[in-house]
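Here is how the chains run, residue by residue.
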Amino acid sequence: MKHLLECWRGSGLNPRRAVNAVVLAGLALMPVYAALTGDAFLMTLLTRVVILALAALSLNLIMGFGGMVSFGHAAYLGIGGYAVGILAKEGIGSGFVQWPVAIGASAVYALAVGALSLRTRGVYFIMITLAFAQMIYYVAIGLDRYGGDDGLTIYRRSQFGGFVDLDNKVLFYYLCLALLLAGIYLVWRLVNSRFGFVIRGARSNERRMRAIGFPTFRYKLVCFVIAGAMCGLAGALLANHTNFISPAMMHWTRSGDLMIMAVLGGMQAMFGPLIGAMTFLLLEEQLSRVTEYPNLVLGPLLLFVAIYVNGGIDGLLGGGRRG
Amino acid sequence: MVDPLLAIEALTKRFGGVVASDAISLALMPGELHAVIGPNGAGKSTMIGQLTGEIGSDHGRIRFGGRDITKLPVYRRSWLGLARSFQITSLFSDFTALDNVALAVQAHSGHSFRFWRAARGEAALREPARTALDRVGLADRADTRVAALSHGECRQLEIAMALATRPRLLLLDEPMAGMGPEDSARLVATLRALKGSLTILLIEHDMDAVFALADRVSVLVFGRIIASGDPAEIRADAAVRQAYLGDGEGWEHG
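A brief look at the structure comes next. (Residues numbered from 1 in each chain as written. Chains lettered and ligands numbered in written order. Predicted model: local features only at pLDDT ≥ 70, side-chain atom pairs only at ≥ 80, totals over all residues. Heavy atoms only, no water.)

1. Some thoughts on the overall build of chain B
Okay, so step 1: On a plain count of helices and strands, chain B comes out with 10 helices and 10 strands.
Okay, so step 2: Computed over C-alpha atoms, the radius of gyration of chain B comes to 18 Å, within 12% of the 18 Å expected from 2.2 N^0.38 for 254 residues, which places it in the range of a compact globule.
Okay, so step 3: Counting only C-alpha atoms, chain B reaches 60 × 40 × 40 Å along its principal axes.
Okay, so step 4: The 254 residues of chain B split such that 53% are buried.
Okay, so step 5: Of all intrachain contacts in chain B linking residues separated by at least 6 positions in sequence, the fraction that spans at least 24 positions is 66%. (Helix = DSSP H or I, 4+ residues; strand = E, 2+ residues; numbered from the N terminus. Rg over C-alpha atoms; globule rule 2.2 N^0.38 Å. Buried < 20%, exposed > 50% of the residue type's maximum accessible area, 1.4 Å probe, protein only. Contact = heavy atoms within 4.5 Å.)

This is how it looks when you write it as structure tokens:
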């Protein structure tokens, strides 16, 4: 916890710290509120927020810090989810198997995609990551045994041999939150380490990085794999959360949603993906109550943030420098 | 006789029908400051690109420290001790001056698959970086972000980054570009202080600087070295005068 608090850096209270603190306190206390009011839906919604924040966090690692604009990030959610779903269907219910497989399969996929796509840049990189994600999407549709287009219901959540009971919604929520906070801490350590400086340097000026002696490709590839693995874990959580997997969870618009969350919250901000995911999903939820087309509002909002607000919501909060 | 540190033999590069480097041969002895001058479009940038590895060569060889580096990628040449500064300032703008130089130090202190410890807290990176900043007179600007540095300071920082890789050969691509007289004089003083301890290949338009610093000068015109010699010989060379120095515009501004 002491280290986690260092993510704030420096001392004193500024708007960013205040908002981050309120968000974290809110997330920590929400189950109490939900229990008092009996609002089960809020619990479900915020569990989703926390899981997708973990996915957006992993995207932010490569996109915000590494400048690798991956437009196929939802594929990892799908791979992580299908790892859980397929293993569950085949009778392997242990989370000690399912989750490592989800993480490992995502990492292997990231290694393959990264090894090819990271040789290109700009629009080509975006297109290749998208193409791979589409491929995986159609592979999932073709998996007749696992529901094909209709998806697959997961009848039993991952079993952890009595250590944690994921059917306990409060417990599951806190597990997701703990994993998200661990993820934020990990990313924070990572981007400030030697490795992180290479990644950030390559985003800023890759040509110069090579000139001073960095073989940038291998570092970017490792970063890409770390992000993929992290998002695979989010996929495993998501499958457990919804008790259901389907190709829709890796549709390209899902990848777009993750990008929106990262940009909205503020790239290169430690809590940006969380704030972005929360803003996006809560707004989407509220808007879908009043209109059938929440994207009519969300789209222009994103445009506004992208054009006028440097650094997303985090940028609006100003305050001390990030690093 | 001492072997040259850098020996370029018949280096050639064609872009379509244009011969950007036409059988360039050049040798740099250890410790010398060799200047290459030439009008715009003479092929100076292509030559630098070939030396650093950003541009492949069609023919010819580059030997560095007795080793053939013609086919090595950019970062490997850097590991061997070949450093460059960029004509157009090329820095990490969201980092501080010290971060920039520390990154150059880091590139030469083993692999960077170190994921946990804060790089800004590593004395092994920060101390040599401070020394390099000090050498170019930027010690008091260490914690300033690059975006807030003046043009002249950025040019100095360019050199500090190259120095931080502890190079044997420094390729300076028009380090005085866009500098006022005061900054230029400061940089000339910096380079003079480096002279002798390093081998330097200086590409430069500022003739005062070239003639003040260079041990030898080569003149590049249309991708070809038309003359090589000490500064006095180059001033006196008839072909050089005709091709380059006689052209008042090229002389002053390139």
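2. Quick notes on the packing of helix 3 (residues 40-65) of chain A against helix 10 (residues 252-265) of chain A
Residue and element names in this part refer to chain A.
Okay, so step 1: For the pair helix 3 and helix 10, interaxial distance at closest approach is 9 Å and the crossing angle is 80°. Classed by the angle they form, the pair helix 3 and helix 10 counts as roughly perpendicular. Of helix 10, the residues touching helix 3 (which contributes R48, L52, A55, A56, L59 and M63) are R254, L258, M259, M261, A262 and V263. (Axes fitted to C-alpha atoms, helices over the stretch in contact; angles between N-to-C directions. Parallel < 35°, antiparallel > 145°, perpendicular 65-115°, else oblique.)

3. Structural notes on the pairing of strand 4 (residues 59-64) of chain B
Look at any regular strand and the pattern is simple: side chains alternate between the two faces of the sheet.
Residues and elements named next belong to chain B.
Okay, so step 1: Two strands pair when backbone bridges link them, and strand 1 (residues 6-15) and strand 4 are joined in this way by 5 bridges, in the antiparallel orientation. Bridge assignment links L6 to a residue of strand 4, and that residue is F64.
Okay, so step 2: With antiparallel pairing between neighbouring strands as the criterion, strand 4 and strand 5 (residues 67-68) make up a hairpin whose turn holds 2 residues, including G65 at a positive phi of roughly 60°. (Pairing = 2+ DSSP bridges.)

4. Considerations on the environment of E153(B)
Residues and elements named next belong to chain B.
Okay, so step 1: Relative to the helices and strands, E153 resides in helix 5 (residues 151-164).
Okay, so step 2: On a C-alpha basis, the gap between E153 and S21 in space is 32 Å, while along the polypeptide they are 132 residues apart.
Okay, so step 3: When neighbours within four sequence positions are excluded, E153 is seen to be in contact with L138 and R141.
Okay, so step 4: Within the structure, the side chain of E153 is placed 2.9 Å from the side chain of R141, a separation counted as a polar contact. (Polar contact = N/O pair within 3.5 Å; in protein donor to acceptor, adjacent residues only side chain to side chain.)

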